[in-house]
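# Reading the structure
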Amino acid sequence: MSSEHAEGLSQHGIVVGVDGSDQSTCALLWAAREAERRGAPLYVVTAYTVPVFAASSMDAGYATVDDDVIRESAQAVLNESLSHLEGISVDVHPRIETGDAAGVLLDLSEEAELMVVGSRGRGGFVGRLLGSVSSALPAHSKCPTAVIPVCTGARLGHPELGGKSGRERPSATVEPVVVVGVDGSEQARMASLAAAEEARSRGLALRVICSVAPFNGSLAWVPAPVDREALHADLALQLAAGRDWLKSHFPDVDIWVDLVDGPPAEVLIEASATSELLVVGTRGRGGFAGMLMGSTSQGVLHHARGPVLVVPDKADPRLDDRKSFGPMIAPVR
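If you're wondering where the values come from, they're calculated on a predicted model, not measured in any experiment.

Here we take up helix α1 (residues 22–38). Between the first and last C-alpha of α1 there are 24 Å, a value that for 17 residues agrees with the 24 Å anticipated at 1.5 Å per step. A large share of α1 lies buried, amounting to 12 of its 17 residues. Among the residues making up α1, those that are buried are Q23, S24, T25, C26, A27, L28, L29, W30, A31, A32, E34 and A35. G39 lies just past α1 and shows a positive phi near 70°.

With that out of the way, let us pick up the confidence of the model for the protein chain. Mean pLDDT over the protein chain: 81, with 76% of residues reaching 70 or higher. Every residue in residues 1–5 scores below 50 in pLDDT, and together they form 13 contacts with partners more than four places removed in sequence or on other chains. For residues 163–167, every residue scores under 50 in pLDDT, and the model assigns this stretch 11 contacts once sequence neighbours within four places are set aside.

A word on the environment of L42. Looking at the element boundaries, L42 is found in strand β2 (residues 42–48). Residue L42 is classed as buried on the basis of its relative accessible area of 0%. Every residue in contact with L42, bar those within four places of it in the chain, is listed here: I14, V16, L28, A31, A32, A35, L85, V90, D91, V92 and H93.

So, about the packing of helix α7 (residues 186–202) against helix α8 (residues 228–249). The N-to-C vectors of α7 and α8 enclose an angle of 50°; their axes lie 11 Å apart at closest approach. Compared by their axis directions, α7 and α8 come out oblique. Considering the relative orientation of α7 and α8, their crossing is right-handed. Across from R189, S192, L193, A196 and R200 in α7, the residues of α8 making contact are W245, L246 and H249.

Attention shifts here to the sheet that holds strand β5 (residues 145–148). An order of β3-β2-β1-β4-β5-β10-β9-β6-β7-β8 is seen for the 10 strands of this open sheet, with the pairing classed as mixed. Looking at strand neighbours, the two that pair on one side only are β3 (92–98) and β8 (255–261), the edges of this open sheet. Put simply, the sheet's adjacent strands are angled 25° from each other on average, direction ignored. Where strand β7 (residues 205–212) meets β8, seven bridges bridge the pair, whose relative direction is parallel. Looking across to β8, one finds that V212 is bridged to D261.

Quick look at helix α4 (residues 101–108) now. All of the buried residues in α4 are A101, A102, V104, L105 and L108. Viewed along the axis of α4, the buried residues span an arc of 165°, placing them on a single side of the element. By the N-cap criterion, in which a side-chain oxygen at the helix start approaches the backbone nitrogen of a residue two or three places on, α4 is capped by D100, the distance to A102 being 3.2 Å.

Here V208 is to be found in strand β7. Exposure remark for V208: the relative accessible area of 5% places this residue in the buried category. For V208 and V179, which are 29 residues apart along the polypeptide, the C-alpha to C-alpha distance reads 6.0 Å. When neighbours within four sequence positions are excluded, V208 is seen to be in contact with V180, V182, L239, L246, I255, W256, V257 and D258.

Moving on: empty space enclosed by the protein. Enumeration over the complete set of coordinates arrives at three cavities of 30 Å³ or more. Its volume calculated, the largest cavity comes out at about 240 Å³. Taken together, 21 residues line the largest cavity, and the ones lying closest to its centre are V182, G184, Q238, L239 and G242. Of all elements in the fold, only α7, β7 and α8 reach the threshold of two or more residues within the lining of the largest cavity. Here the lining of the largest cavity gets seven residues from one element, more than from any other, and that element is α8. Residues belonging to the lining of the largest cavity are distributed by class as follows: 12 nonpolar, five polar and four charged.

It is worth spelling out the nonpolar core at this point. Counting residues in each nonpolar core, the largest one holds 54 residues, and the members touching the most others are V16, L42, V116, L206 and V279. Setting aside residues up to four positions removed in sequence, V279 forms contacts with V178, V179, V180, G181, A191, A195, L309 and V311. One finds V117, L268, A271 and V280 within the second-largest nonpolar core, a separate group that totals 30 residues.

Turning our eyes to something else, we now look at the pattern of salt bridges. For the coordinates displayed, the defined rule picks out 13 salt bridges. The salt bridge partner of E198 is R37, with a shortest N-O separation of 3.8 Å. Taken as a pair, E198 in helix α7 and R37 in helix α1 lie far apart in primary sequence, 161 residues in all. On the accessibility criterion, E198 (12% relative accessible area) is buried. Measuring nitrogen to oxygen at the nearest pair gives 2.6 Å for the salt bridge that ties R207 to D258. Of this pair, R207 sits in strand β7 while D258 is found in strand β8, placing the two residues 51 residues apart along the sequence. Each member of the salt-bridge network shares a partner with another, and the members are E34, R37, R38, E113, E198 and R202.

Neither face of strand β1 (residues 14–17) is open: one carries I14 and V16, the other V15 and G17, and all of them are buried. Relative to β2, β1 is paired through four bridges, and the arrangement is parallel. Paired with V16 across the strands is V44, a residue of β2. Following the chain from β1 across α1 to the adjacent parallel β2, one finds a crossover that is right-handed. As judged from the three bridges shared by β1 and strand β4 (residues 114–118), these two strands associate in the parallel manner. The residue of β4 that forms the bridge with V15 is M115.

Cut-offs and rules
Residues numbered from 1 in each chain as written. Predicted model: local features only at pLDDT ≥ 70, side-chain atom pairs only at ≥ 80, totals over all residues. Heavy atoms only, no water. Helix = DSSP H or I, 4+ residues; strand = E, 2+ residues; numbered from the N terminus. Expected span 1.5 Å × (residues − 1). Buried < 20%, exposed > 50% of the residue type's maximum accessible area, 1.4 Å probe, protein only. pLDDT = per-residue confidence, 0-100. Contact = heavy atoms within 4.5 Å. Axes fitted to C-alpha atoms, helices over the stretch in contact; angles between N-to-C directions. Parallel < 35°, antiparallel > 145°, perpendicular 65-115°, else oblique. Left-handed = near helix turned anticlockwise from the far one by under 90°. Pairing = 2+ DSSP bridges. Arc of directions from axis to C-beta. Polar contact = N/O pair within 3.5 Å; in protein donor to acceptor, adjacent residues only side chain to side chain. 1 Å grid on protein atoms, 1.4 Å probe; cavity = no way out; pocket = protein on both sides within 12 Å on 5 of 7 lines; lining within 4 Å. Points joined across faces, edges and corners; volume = space filled by probe spheres on them. Nonpolar A, V, L, I, M, F, W, Y, C, P; charged D, E, K, R; others polar. Core = buried A, V, L, I, M, F, W, Y, C linked by side-chain atoms within 4.5 Å. Salt bridge = Lys/Arg side-chain N within 4 Å of Asp/Glu carboxyl O. Right-handed = clockwise from strand over helix to strand, strands pointing away.

What follows is the structure in structure tokens.
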């Protein structure tokens, strides 16, 4: 069964891709707890492809043998992954799919409630789930995608899974807050709605961050000198208006906004270390006020120190009344 014809899910739930690496185990454990919290079924998926040389240079009999051997390896990966779910009360549906891992998961995202992958994975025929997939899937998934770094293992009670040093070192304190990065784009507003929903469902506060990148040589195209104080004042007004708008839809959520100086990716990566969840949109606006999810998106995903939820761009009627609450950054034409 190819990824293009992967069977759909029996019911909407959470799909997690595994390949036997520590990264995928962290993603699996996080996904299982999320499924338990939501009362949703959990689909544990691994995918494999038959090497091209086996199909092109050997006869059909050898190709079949190779497929069996690789499928047995995939089954071993799946069985080992499932062993980590002992003691977790969740409805588990294990699946082995043939086809490109990114394609398989992308197909399943059409019916899933949430996709979950690790930030990086292993190489080889059975793996490749978490390397290119954690880059490609969030940008094209039909549903939200959570990308889980290996250092999250410490939060889940499994510090042995990695993240003991450097940028993967776990944070000593995780605050009861969901963080969302905004830049005035429609995609960021969609992300802020999703972040507020996550905060409400978890009983947490919501922190809305807008970062202003330093002015340097890369901004030589700016046509006139920029008054930084005026820019900050304007953005502060827009953030306050955005907070009022969110509060109108989520009156029971504690929401505060932060205007932070610094490169957007670095600001969000730092925030991910101490937040329960970081939420971003799939794309952002250009220009010196934003770029939260443009060229910096992959840096956030691959260097975050906590779970990152990437929200796809879609229509939402709640976006229509944003302009009634005050200043907005004009849409990019």
